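Here's the letter readout for the chains.
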Amino acid sequence: DRTDSPIAPERALPGRPRYDYDLARIHDVLGTSMLAPFPPGVVTLYLGMGCFWGAEKRLWQLPGVHTTAVGYQGGTTPHPTYHEVCTARTGQAEMVMVAYDPAAVGTLDVLRVFWENHDPTQGNRQGNDVGTQYRSLIMTMSDDQFTAANASKRSYQEKLSAAGFGPITTEIVPFDRFWY
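Source: prediction; values computed, not measured. (Residues numbered from 1 in each chain as written. Predicted model: local features only at pLDDT ≥ 70, side-chain atom pairs only at ≥ 80, totals over all residues. Heavy atoms only, no water.)

Student: Help me understand the packing of aromatic side chains, please; the structure alone is not making it clear to me.
Tutor: For any two aromatic rings, the description comes down to two numbers: the centre-to-centre distance and the angle of the planes. Counted according to the given criterion, the structure contains eight aromatic pairs. Between the aromatic rings of Phe52 and Trp53, the centroid separation amounts to 4.7 Å while the plane-to-plane angle is 80°, which identifies the pairing as edge-to-face. Among the residues examined, Phe52 registers a relative accessible area of 2% and is labelled buried. Its relative accessible area of 49% is what places Trp53 among the partly exposed residues. Aromatic pair Phe178 and Tyr180: ring centres 5.0 Å apart, planes at 80°, arrangement edge-to-face. Judged by relative accessible area, Phe178 falls into the buried class, the value being 7%. The rings of Tyr46, Phe175, Phe178 and Tyr180 are connected pair by pair, giving a single aromatic cluster. The residue whose ring lies beneath Lys159 is Tyr156, and the NZ or CZ to ring-centre distance is 4.8 Å. Above the plane of the ring of Trp179 lies Arg177, whose end atom (NZ or CZ) is 4.1 Å from the centre. (Phe/Tyr/Trp six-rings, centres within 6.5 Å; stacked < 30°, edge-to-face > 60°. Buried < 20%, exposed > 50% of the residue type's maximum accessible area, 1.4 Å probe, protein only. Lys NZ or Arg CZ within 6 Å of the ring centre and 35° of its normal.)

Written as structure tokens, this is what we have:
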């Protein structure tokens, strides 16, 4: 289960009905709320590009980013812990929620950071981090984001193929529950 595909739901860890810890509400670096509602015009996009700590830091640096938060998506275990996700028995991927103002930073700019800061051709890994929790994944909140993500994937695939890389393994799917 660690490197092929996410665990089958019937074999996943059961999780829990609620969080068993205090959820931080204010981003330590940005000083903004990590919980909705966000200011008018701010939208969210969810990106899985390997270990979420490094990915989140890259997104902070974009002008127009209101906040970021790390969490899990794409699996079946509710309210998973970090240690549970590391077992690859939740189906979850490490994800970054990025809340941004598209009037200040476009969706394509956010996606550029996504594509250029991990190897989307590695499948269920990023470098030495191996497992389905490190898979490349985009979860979109709108048809426009979905269309932009797929168009950018095609564009980056052309560039990666020309450089001798294999096919992009990134999944692009509509939003599913985000577990902080």
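Student: Honestly, the environment of Thr67 in this entry has me stumped. Any pointers?
Tutor: If you trace the backbone, Thr67 turns up in strand 2 (residues 65-73). Note: C-alpha distance between Thr67 and Tyr134 (67 residues apart in sequence) is 22 Å. In this view, Thr67 contacts His27, Leu30, Thr32, Ser33, Met34, Phe38, Met97, Val98 and Ala99; residues no more than four positions away in its chain are not counted. Separated by 3.0 Å, the side chains of Thr67 and Thr32 make a polar contact. (Helix = DSSP H or I, 4+ residues; strand = E, 2+ residues; numbered from the N terminus. Contact = heavy atoms within 4.5 Å. Polar contact = N/O pair within 3.5 Å; in protein donor to acceptor, adjacent residues only side chain to side chain.)

Student: I would appreciate a short explanation of the nonpolar core in the present structure.
Tutor: Note that soluble globular proteins tend to have their nonpolar side chains buried in a common cluster. Counting residues in each nonpolar core, the largest one holds 43 residues, and the members touching the most others are Leu45, Leu47, Leu59, Val98, Val110, Leu111 and Ile138. Listing elements by their share of this core, those giving two or more residues are strand 1 (43-49), helix 1 (52-60), strand 2, strand 3 (93-100), helix 3 (107-116), strand 6 (136-140) and helix 4 (143-162). A per-element tally of this core places strand 3 first, with seven residues. Look past the residues within four positions of Leu59 in its chain and what remains in contact with it is Leu47, Val65, Thr68, Val96, Val98, Val110 and Val113. (Core = buried A, V, L, I, M, F, W, Y, C linked by side-chain atoms within 4.5 Å.)

Student: When you look at the layout of surface pockets in this model, what are you seeing that I'm missing?
Tutor: Over the atoms a probe the size of a water molecule is rolled, and this reveals where empty space is left. Size it by volume and the largest pocket reaches roughly 420 Å³. In this structure, the largest pocket is lined by 22 residues; those nearest its centre are Ala24, Met34, Trp53, Val70 and Tyr180. For the lining of the largest pocket, the secondary structure elements donating two or more residues are helix 1 and strand 2. Element by element, the count of residues in the lining of the largest pocket is highest for strand 2, at five residues. Looking at the lining of the largest pocket, its residues break down into 15 nonpolar, four polar and three charged. (1 Å grid on protein atoms, 1.4 Å probe; cavity = no way out; pocket = protein on both sides within 12 Å on 5 of 7 lines; lining within 4 Å. Points joined across faces, edges and corners; volume = space filled by probe spheres on them. Nonpolar A, V, L, I, M, F, W, Y, C, P; charged D, E, K, R; others polar.)

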